[in-house]
Amino acid sequence: MKQSPEQQIAALRLQLAEYNYQYYVLDAPTVPDAEYDRLYRELQQLEQQHPELVSSDSPTQRVGGAPLAKFSQVQHSIPMLSLDNAFDAADFSAFVKRMRDRLDLAGEFSFCCEPKLDGLAVSIRYENGVLVQAATRGDGNTGEDITTNIRTIRAIPLKLKGDNLPPVLEVRGEVFMPLAGFAQLNEQARQQGDKVFANPRNAAAGSLRQLDPAITAKRPLMFYAYAVGLVDDPAGYLNNSCHYQRLQQLKDWGLPVCPEIRLVEGETAALAYYQDILTRRASLAYEIDGVVIKVSNLNQQQALGFVARAPRWAIAFKFPAQEMLTTLLDVDFQV
Ligand code: NAD
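As a convention, each chain's residues are numbered from 1 in the sequence order in which they are written. Given that the model is predicted, a residue must reach a pLDDT of at least 70 before its local features are reported, and side-chain atom pairs must reach 80 or more before they are shown or counted; all residues, however, enter totals for whole chains, interfaces and linings. To get the side-chain values, take all heavy atoms of the structure and skip hydrogens and water.

Some thoughts on the overall build of the protein
Scanning the protein from N- to C-terminus turns up eleven helices and eleven strands. For a compact globule of 335 residues, the expected C-alpha radius of gyration is about 20 Å, and the protein comes in at 20 Å, within 12% of that figure. For the protein, the spread of C-alpha atoms along the three principal axes comes to 65 × 60 × 40 Å. The rule is simple: take the accessible area with a 1.4 Å probe, protein chains only, and divide by the maximum for that residue type; under 20% is buried, over 50% is exposed, in between is partly exposed. Classification of the 335 residues of the protein by burial places 50% in the buried group. The contact criterion used is simple: two residues touch if any of their non-hydrogen atoms lie within 4.5 Å. Here the contacts in the protein between residues at least 6 apart in sequence split such that 76% fall between residues at least 24 apart. Accessibility throughout is a Shrake-Rupley quantity obtained with a 1.4 Å probe, and a residue counts as covered only by protein chains that appear here. As displayed, the protein offers around 16000 Å² of accessible surface, 50% of which is attributable to carbon and sulfur atoms. Think of it this way: Lys and Arg go in the positive column, Asp and Glu in the negative one, and His and the chain ends go nowhere. Note on charges: their place is set at NZ of Lys, CZ of Arg, CG of Asp or CD of Glu. Each charge sign in the protein was given a centre, from 33 positive and 40 negative side chains, and these centres are 3 Å apart. Helical segments are the DSSP runs of H or I of at least four residues, strand segments are the runs of E of at least two, and each set is numbered from the N terminus. Restricting the calculation to C-alpha atoms gives the radius of gyration, and the globule rule supplies 2.2 Å times the number of residues raised to the power 0.38.

Structure below.
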């Protein structure tokens, strides 16, 4: 018997909630991302057709998973959101059109184009240039306190460079495991008869969410900054007009920023960036699952605002799926 839309929606929510738990809380996914994305889209489409069935506990309205109880919790004063997805040029065009209509804009946007790093999002708080706290994204509002673990990642400065620094600066970015380090770590595990990690994202998440920072310290983790959270900046040191310029400023202050990030003018140039990175994907030193295209003008960002789980001014333009189900199922997971 054919299920009603209500039943279909309930079944999809239940299934996606279980996948979310495995992925975000246990760091042990059981299906490839492409399969998760397919079911997520199905749910999104059903909810669009039946808006009366949308509820705040739907996976389409929420970010990530609950923080693990073994860590102390950190409240994010500015939520750490997710991103909407585009899977092809038509999706991307629709995203640009939505923004243009909303702003009543005839011209083109300046886009900050960034690789979509496949790791986990963290927020790092600097007070007067000194690293004082770091947290995972968690469910977007509450993350896990991972300060001692973050301090073991050599790429992350414990103190920022320069004198003209905002008294409070939350830097947001991705902790990930470069492919060479990932291969080495798994080779070591194999030789010692230990379980291997399924993929670099899994390895990064498992390595960072350790209670013993000595374990994290031995893992080859890297970090790239890509955004700013809460800022207290009475003197106005932080660039206030352009996201791309802000990233250059973070770099000047000593934070690693991905060298592939580009500022481009207009939709066609953003599509060309996507194509270029897709072509070079296999030669990059880290795994990415797409590119993130962001409106760079901060006034436009503010005018566009947010929906429940994502900003309106950015989109994750995903690459075609690479990962096979067998890769995931053949491997034992290690957390
Ligand atoms: P997402 O990964 O699609 O996008 C948001 C995240 O992108 C951010 O939180 C940040 O961590 C990351 N990111 C990387 N580079 C960035 C950049 N330059 N700028 C901004 N953000 C950047 O969203 P999500 O909510 O973290 O996860 C959803 C995705 O995770 C799904 O689409 C699916 O692919 C995967 N997932 C898989 C399973 C599974 O069971 N296999 C379960 C849940 C989620």
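A few points about the site of the ligand
Close to the ligand lie 26 residues; Tyr-24, Val-31, Asp-37, Ser-82 and Glu-174 are nearest. What qualifies as a polar contact is a pair of N or O atoms within 3.5 Å, subject to a donor-acceptor requirement within protein and to the restriction that residues adjacent in sequence count only when both atoms come from side chains. With respect to the ligand, the backbone of Pro-115 contributes an N or O atom lying 3.4 Å from a nitrogen atom. Within the side chain of Lys-116, an N or O atom sits 2.9 Å from an oxygen atom of the ligand. Burial of the ligand by the surrounding chains reaches 93%, relative to a free accessible area of 830 Å². Of all elements in the fold, only helix H1 (5-25), helix H2 (33-49), strand S3 (110-117) and strand S10 (288-295) reach the threshold of two or more residues within the shell around the ligand. In the scheme used here, Gly and all other residues not listed as nonpolar or charged are polar, with Ala, Val, Leu, Ile, Met, Phe, Trp, Tyr, Cys and Pro taken as nonpolar and Asp, Glu, Lys and Arg as charged. Taken together, the residues that form the shell around the ligand break down as 14 nonpolar, three polar and nine charged. Residues are classed as near a molecule or strand on a simple rule: at least one heavy atom within 4 Å of it.

Focus on the packing of H1 against H2
Where H1 contacts H2, the axes come no closer than 10 Å and their chain directions differ by 145°. Considering only the axes of H1 and H2, their crossing is left-handed. Residues Gln-8, Ile-9, Leu-12, Arg-13, Gln-15, Leu-16, Tyr-19, Asn-20 and Tyr-23 of H1 lie in contact with H2, whose contacting residues are Asp-33, Tyr-36, Leu-39, Tyr-40, Glu-42, Leu-43, Leu-46 and Glu-47. Simply put, an axis is a line fit to the C-alpha atoms, just over the touching stretch for a helix, and the angle between two N-to-C directions goes from 0 to 180 degrees. Crossing handedness is defined as follows: a turn of the near helix away from the far one that is anticlockwise and smaller than a right angle gives a left-handed crossing, while the clockwise case is right-handed.

Some details on helix H3 (residues 89-103)
Multiplying one less than the number of residues by 1.5 Å gives the expected span of a helix. Taking 1.5 Å per residue, 15 residues should reach 21 Å; H3 reaches 21 Å between its end C-alpha atoms and fits that length. Of all the positions in H3, only Asp-91, Phe-92, Phe-95, Val-96 and Met-99 are classed as buried. Along H3, the residues classed as buried sweep out an arc of 140° about the axis, all on the same side. This arc corresponds to the set of directions leading from the helix axis out to the C-beta atoms.

Points about the side chain of Glu-114
Turning to its location among the elements, Glu-114 is positioned in strand S3. Overall, Glu-114 belongs to the buried group, its relative accessible area being 3%. Reaching out from Glu-114, the side chain makes a polar contact with the side chain of Lys-294 at a distance of 2.9 Å. In this view, Glu-114 contacts Tyr-226, His-243, Leu-247, Ile-261, Tyr-273, Val-291, Val-292 and Lys-294; residues no more than four positions away in its chain are not counted.

Considering the packing of aromatic side chains
Centres within 6.5 Å make a pair out of two Phe, Tyr or Trp rings, where for Trp the six-membered ring is used; the pair is then stacked when the planes are under 30 degrees apart, edge-to-face when over 60, and tilted otherwise. If you walk through the whole model with that rule in mind, you get twelve aromatic pairs. Here the aromatic rings of Tyr-224 and Tyr-286 are separated by 5.9 Å at their centres, their planes lie at 80°, and the arrangement is edge-to-face. Of this pair, Tyr-224 sits in strand S8 (residues 222-232) while Tyr-286 sits in the loop between helix H9 (267-280) and S10, placing them 62 residues apart in sequence. Tyr-286 carries the same exposure label as Tyr-224, and that label is buried.

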